[in-house]
Amino acid sequence: MSELVQAIVFTGHMIDAPGREVPRFPPSMEAAARRAIGDVVRRLLASAPGEALGIAGGASGGDILFHEVCHGIGVRTRVLLTREPDAFVEESVAPAGAVWVRRFEALLESRRDSVEVLQERPEAGSVWEQANRWMLDEALAMGASRKTVIALWDGKSGDGPGGTGHLLDLARGSGMSAEVIYTGELVGVDGCCHM
């Protein structure tokens with residue numbers, strides 16, 4: 001295997017569960033988000049040719065889209081989960097519906113050797129804060145000359161501790177570059193969504 005040139009960490013919103021009061025990533029935005037993620041990944045690869053590795057969770061919405069986009073482009077990815085797969089599905093995939101559960105299962109099947117589960121430490125903050133630190137630590141430890149976070153984000157505080165904004169703050173504090181895809185800017189793109 002050739003030397004790793006860049007590590008790409010992805011963070012982003014889950015697809016809105018049915019009935020979510022304030023839309024953040026409605027299902028109608030999926031195609032526009034997929035294109036935007038693909039555009040950013042391709043631009044990163046073009047600007048630093050060579051071996052790249054993607055790192056993301058496995059939640060419905062942005063995480064799964066990132067893995068699927070990378071697979072289509074030929075970029076290897078690692079799946080870092082906050083919980084064992086069954087518990088993770090219940091909490092972070094199933095609320096979006098059976099289609100997302102099938103996509104998650106296909107993701108795990110295709111990355112069998114690249115799936116890891118967080119070893120939680122209760123004294124180290126919420127599981128979501130720990131997961132954010134873990135993803136960044138993994139990227140920083142790889143020795144890649146370029147380390148970037150891609151975020152699919154509405155630009156607002158999350159529903160609880162951790163979340164996309166938290167990971168972006170950590171990344172910027174560690175000197176990593178960030179590429180933010182604002183979900184509000186996807187509204188109206190190619191007939192996308194209404195929020």
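Conventions adopted
Residues numbered from 1 in each chain as written. Predicted model: local features only at pLDDT ≥ 70, side-chain atom pairs only at ≥ 80, totals over all residues. Heavy atoms only, no water. Buried < 20%, exposed > 50% of the residue type's maximum accessible area, 1.4 Å probe, protein only. Helix = DSSP H or I, 4+ residues; strand = E, 2+ residues; numbered from the N terminus. Pairing = 2+ DSSP bridges. Expected span 1.5 Å × (residues − 1). Contact = heavy atoms within 4.5 Å. Axes fitted to C-alpha atoms, helices over the stretch in contact; angles between N-to-C directions. Parallel < 35°, antiparallel > 145°, perpendicular 65-115°, else oblique. Left-handed = near helix turned anticlockwise from the far one by under 90°. Nonpolar A, V, L, I, M, F, W, Y, C, P; charged D, E, K, R; others polar.

Comments concerning the pairing of strand β3 (residues 76-81)
Phase 1 of the analysis: Buried residues dominate β3, accounting for five of its six residues.
Phase 2 of the analysis: Both strand β2 (residues 51-56) and β3 contribute to a ladder of four bridges, which runs parallel. By the bridge assignment, A56 is partnered in β3 with V79.
Phase 3 of the analysis: As paired elements, β3 and strand β4 (residues 115-117) share three bridges and run parallel to each other. Across the sheet, the residue bridging to L80 is E116, located in β4.

Digging into helix α2 (residues 62-73)
Phase 1 of the analysis: Taking 1.5 Å per residue as the helical rise, α2 with its 12 residues ought to reach 16 Å, and the 16 Å between its terminal C-alpha atoms agrees with that figure.
Phase 2 of the analysis: All of the buried residues along α2 are G62, D63, I64, L65, F66, H67, V69 and C70.
Phase 3 of the analysis: On its buried face, α2 is in contact with β1 (4-12), α1 (30-47), β2, β3, α4 (98-110) and β5 (146-153).
Phase 4 of the analysis: G74 sits one or two positions beyond α2 and adopts a positive phi of about 95°.

Description of the side chain of Q6
Phase 1 of the analysis: On the secondary structure map, Q6 appears in strand β1.
Phase 2 of the analysis: In contact with Q6, not counting residues within four places along its chain, are L44, L45, A48, E51, A52, L53, A144 and R146.

Comments concerning the environment of L152
Phase 1 of the analysis: Looking at where L152 falls in the secondary structure, it is placed in strand β5.
Phase 2 of the analysis: With 68 residues separating them in the primary sequence, L152 and E84 have C-alpha atoms 24 Å apart.
Phase 3 of the analysis: Apart from residues lying up to four places away in sequence, L152 is in contact with F10, T11, G12, H13, F25, A33, G62, T164, I181, T183 and L186.

Describing the environment of A36
Phase 1 of the analysis: Tracing the backbone through its elements, the reader meets A36 in helix α1.
Phase 2 of the analysis: For the pair A36 and L152, spaced 116 residues apart in sequence, the C-alpha separation works out to 9.0 Å.
Phase 3 of the analysis: Every residue in contact with A36, bar those within four places of it in the chain, is listed here: I181 and L186.

Regarding the packing of α1 against α2
Phase 1 of the analysis: Running from N to C, α1 and α2 point in directions that differ by 50°, and their axes come no closer than 9 Å. As summarised for this structure, α1 and α2 are arranged oblique, according to the angle between their axes. Along this stretch, α1 crosses α2, giving a crossing that reads as right-handed. Here E30, A33, R34, I37, G38, V41, R42 and L45 of α1 lie close against α2, whose contacting residues are G62, L65, F66, E68, V69, C70 and I73.
Phase 2 of the analysis: Looking at side-chain class alone, the contact of α1 with α2 contains nine nonpolar, two polar and four charged residues.

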